[in-house]
Amino acid sequence: MKNKKNPLVGSGQGTSTLSMSAAETQMKLMSAMLPQAERPSFQKANWPTAGWSMSTPESQGMHASALAKMLKIFRHQAVHSVAVIRNGYVVAEAYNDRTNTELPQDMKSVTKSITSALVGIALSEGKLESVHQQAADFFPEWESDPSKSTITIKHLLSMTSGIAWDNNNEQSSTEMMYSPDWVQYILERRARVAPGTSFNYSNGDAHLLSAMLSRAVGETMYEYAQSRLFGPLGITNTSWNHDPQGRTIGAWAMALTLRDMAKLGYLYLNEGEWEGQAIIPKAWVQESLNKKVALNYSNGTQGGYGFYWWSKTLPQGLIKGSKKAYDMFYASGSGGRRIYVVPELQLVVALTAESDDADMPERLLHQVVQAIRSDNPLPENVIAGDELERAVRLFKMEIES
């Protein structure tokens, strides 16, 4: 959702190249000399607080040639950047001519998943009472309304507040942005249905949560995120817009680098733990991912919605020789911003895009999953590695529109 009064963050220009370091080349050659029986099993990488560890795909049981194919296909489908992490290692990443490793990119509604994380942290600190705490505790004007007075944090997190929100052409979100007080605009919306009875995607629900959290913790949500979430993860290159009253926008307007987006996925893959510390309570991560709403998509697939996190089951047979269907969850933003996590495969895929094809990001994920061949390291393939490097360089080249 674009803020027409404030330009979108993360829209700058920049270039970068991805090359294999001397250490990585040496690791590649040494591994290629080992017989298969002598190859080491997967070892967990160091925590990426100061930066991600790099690895060849084969060292993490993936085929470099399959990842090269993915990049060649999706280079032409409005993908700006993509990073593939397995077992805590970056096995492939690529950027187009307008992005690079150091450039924070606008995440659109992926922002909501960060809002969800911060609510969980505030609950663990006792700043918020529980998910059943009523919004009217923060907005007394709702106390006399028979429906609005019963809206809880849980309703707002699961998009079941019942407050009217028109998503046709982003009507309500646009009206909110042009209003002098965004929170007041939300508070004055009519109650459409009883809270908890119907799912309706609402940027208003998420922004109202930001205002509530700010009152509870005594600082803006962005300030709270910097000390409680971003700081421990080593995330420093950020921006996050605010409304006319200075409240952090709870629904969108967060910008992170692609690698830092992947850190958030890795945090949730590890159930909120980071370097032995519980950044987000494990119970909150699990509750956030539990399906609160069942969803049917236009392409015939099914999924669920938790607390600003989406979930699905991948199609059977994506991995050669396996008929298993793997569960995954993800943060989602318009245009194709995604943070995908497939726990059983120890896989995180972060991508940014500006595409009208809502199904494109999931097809990209399928291609990545198809690159997985083993739960153990594979023989190194120098030729395939060179093919992947060429695909990364080609991805960086400007594509004529």
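Since we're looking at a predicted model, the values are computed, not measured.

S.K.: Account for the environment of Ser334, with residues named and values stated.
M.R.: For Ser334, the position within the fold is in the loop between strand 12 (327-333) and strand 13 (337-342). Accessibility expressed as a relative area gives 37% for Ser334, which makes it partly exposed.

S.K.: Mind laying out the environment of Ala278, listing which residues take part and the relevant values?
M.R.: Here Ala278 lies in strand 8 (residues 277-278). Setting aside its immediate chain neighbours within four residues, Ala278 contacts Gly272 and Glu273.

S.K.: Summarise the side chain of Arg338; cite the residues concerned and give the values.
M.R.: Position of Arg338 among the secondary structure elements: in strand 13. Despite its burial, Arg338 pairs with no opposite charge, the nearest such side chain being Glu362 at 6.8 Å. Polar side-chain contacts of Arg338 include one of 2.9 Å to the backbone oxygen of Gly333. Excluding residues within four positions of it along the chain, Arg338 makes contact with Val110, Met261, Tyr330, Ala331, Ser332, Gly333, Val349, Ala350, Leu351, Ala358 and Pro361.

S.K.: Talk me through the sheet that holds strand 4 (residues 105-106); I want residue IDs and the actual numbers.
M.R.: Each strand in a sheet pairs with its neighbour through backbone hydrogen bonds, running either in the same direction (parallel) or in the opposite one (antiparallel). A sheet is described by the order of its strands in space; here three strands give the open sequence 4-6-5, paired in antiparallel fashion. Because the sheet does not close on itself, it has two edges, and the strands there are strand 4 and strand 5 (239-240). One ladder, built from two bridges, connects strand 5 with strand 6 (residues 254-256); its direction is antiparallel. Within strand 6, the residue paired with Ser239 across the bridge is Ala255.

S.K.: Which residues make up the sheet that holds strand 1 (residues 53-54), and what values do they have?
M.R.: Sheet architecture is open: nine strands sit in the order 1-3-2-14-13-12-11-10-9, paired in mixed fashion. Pairing within the sheet leaves two strands with one partner each, and these edge strands are strand 1 and strand 9 (293-296). With five bridges joining them, strand 13 and strand 14 (residues 347-353) adopt antiparallel strand pairing. Paired with Val342 across the two strands is Leu347, which belongs to strand 14.

Cut-offs used in this document
Residues numbered from 1 in each chain as written. Predicted model: local features only at pLDDT ≥ 70, side-chain atom pairs only at ≥ 80, totals over all residues. Heavy atoms only, no water. Helix = DSSP H or I, 4+ residues; strand = E, 2+ residues; numbered from the N terminus. Buried < 20%, exposed > 50% of the residue type's maximum accessible area, 1.4 Å probe, protein only. Contact = heavy atoms within 4.5 Å. Lys, Arg positive; Asp, Glu negative; His and termini not counted. Salt bridge = Lys/Arg side-chain N within 4 Å of Asp/Glu carboxyl O. Polar contact = N/O pair within 3.5 Å; in protein donor to acceptor, adjacent residues only side chain to side chain. Pairing = 2+ DSSP bridges.

Function cannot be inferred from these measures alone, as they are strictly geometric.
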